[in-house]
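Spelled out from the first residue to the last, the chains are:
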Amino acid sequence: EIQGMVGTNIGKGDHSDDVYTVLEIEYEMPFAQRWAFGIKAIPAFVMDQNSPQDGDSTVFGAGLGAGFRVYQHKETRHGLFFEAGTVVLLHNPKFEDNGGSVNFFNEFGLGYKWQSDWHVTAKWEHISNASTHEDNAGVNAWGVAIGRTF
């Protein structure tokens, strides 16, 4: 799955001029009629951070985590779905106003999966260090993801 995201100005940090792209790979395992659990890997996270204080900087990262999906059609796992997941993201340099290079990448999405196994998802994402550092200005973003199941 590839995601294109645009930051927002919510909370302590202003990321409204920031954009990022994520390549996400997930191994999905059904565990109930409509539910699937997935192990997620982000081999590529690239964020163009336009900070008025620090100037432009590009953040690179990668991570591992887990998530789940709930599908509309239990028999085929197609149609509308809701998803949520968390990935531990390691990155360099640090996000603006954030004290760590290890953050939690949380995502929520509403999508549609066609019978051809392509899907599109509208996503909201929040990246934060969960107060493991004094500086914890999170990154909030909206965007779209497109992916294919193999």
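Whatever comes next refers back to the structure up there.
In this text, all values refer to a predicted model and were calculated from it rather than measured experimentally.

Trainee: Before we go on, may I ask you to explain the overall build of the chain in this structure?
Mentor: When its secondary structure is counted, the chain shows zero helices and eight strands. When the elements of the chain are put in sequence order from the N terminus, they spell out β-β-β-β-β-β-β-β. Its C-alpha radius of gyration of 16 Å places the chain within 12% of the 15 Å reference for a compact globule of 150 residues. With the principal axes as the frame, the chain shows a C-alpha extent of 50 × 25 × 25 Å. Here the chain holds 150 residues, and the buried ones make up 41% of them. Of the roughly 7700 Å² of accessible surface on the chain, a fraction of 63% belongs to carbon and sulfur atoms. Looking at charge distribution, the chain has the averaged site of its 10 positive side-chain charges lying 14 Å from that of its 19 negative ones.

Trainee: I tried to follow the packing of aromatic side chains on my own but got confused; where do I start?
Mentor: Describing an aromatic ring pair means giving the distance of the ring centres and the angle of the ring planes. The tally for this structure, following the rule as stated, stands at nine aromatic pairs. Taken together, a centroid distance of 6.2 Å and an interplanar angle of 50° make the contact between Phe31 and Trp35 tilted. Residue classification places Phe31 among the exposed positions, given a relative accessible area of 53%. The ring centre of Phe81 lies 4.1 Å from the NZ or CZ of Arg69, which sits over that ring.

Trainee: What am I meant to see in the nonpolar core here?
Mentor: Among the nonpolar cores identified, the biggest contains 14 residues, and Tyr20, Phe45, Met47, Phe95, Phe105 and Ile127 are the most heavily contacted of them. Breaking this core down by element, the ones donating at least two residues are β2 (19-30), β3 (35-51), β5 (79-92) and β8 (139-148). Per element, the largest residue contribution to this core is three residues, and it comes from β3. Setting aside anything within four residues of it in sequence, one finds Ile127 in contact with Tyr20, Phe45, Leu89, Phe95, Asn103, Phe104, Phe105, Gly138 and Val139.

Trainee: How should I be thinking about the pattern of salt bridges in this particular structure?
Mentor: Oppositely charged side chains may form a pair once their charged atoms are brought near each other. Under the counting rule described, the total for this entry stands at 10 salt bridges. Put simply, Glu24 and Lys40 hold a salt bridge, and the shortest N to O gap is 2.8 Å. Residue Glu24 is located in strand β2, and its partner Lys40 is located in strand β3; the two are separated by 16 residues in the primary sequence. You'll find Glu24 and Lys40 in the same group, each marked buried. The closest approach of N and O atoms between Arg69 and Glu83, which form a salt bridge, is 2.8 Å. Separated by 14 residues along the polypeptide, Arg69 in strand β4 (residues 55-71) and Glu83 in strand β5 bring together distant segments of the chain. Comparing Arg69 with Glu83, the two get one shared label, buried. Overlapping salt bridges bring together Glu1, Glu24, Glu26, Glu28, Lys40, Arg69, Glu83, Glu107 and Lys123 as one network.

Trainee: Any chance you could explain the environment of Ser131 here in plain terms?
Mentor: Tracing the chain through its elements places Ser131 in the loop between β7 (118-128) and β8. Looking at Ser131, the relative accessible area reads 57%, which means it is exposed. Considering only alpha carbons, one finds Ser131 and Val87, 44 residues apart in sequence, at a separation of 16 Å.

Reading guide: rules and limits
Residues numbered from 1 in each chain as written. Predicted model: local features only at pLDDT ≥ 70, side-chain atom pairs only at ≥ 80, totals over all residues. Heavy atoms only, no water. Helix = DSSP H or I, 4+ residues; strand = E, 2+ residues; numbered from the N terminus. Rg over C-alpha atoms; globule rule 2.2 N^0.38 Å. Buried < 20%, exposed > 50% of the residue type's maximum accessible area, 1.4 Å probe, protein only. Areas by Shrake-Rupley, 256 points an atom, 1.4 Å probe, with all protein chains shown as cover. Lys, Arg positive; Asp, Glu negative; His and termini not counted. Charge placed at Lys NZ, Arg CZ, Asp CG, Glu CD. Phe/Tyr/Trp six-rings, centres within 6.5 Å; stacked < 30°, edge-to-face > 60°. Lys NZ or Arg CZ within 6 Å of the ring centre and 35° of its normal. Core = buried A, V, L, I, M, F, W, Y, C linked by side-chain atoms within 4.5 Å. Contact = heavy atoms within 4.5 Å. Salt bridge = Lys/Arg side-chain N within 4 Å of Asp/Glu carboxyl O.

So yeah, pure geometry; function would need other evidence.
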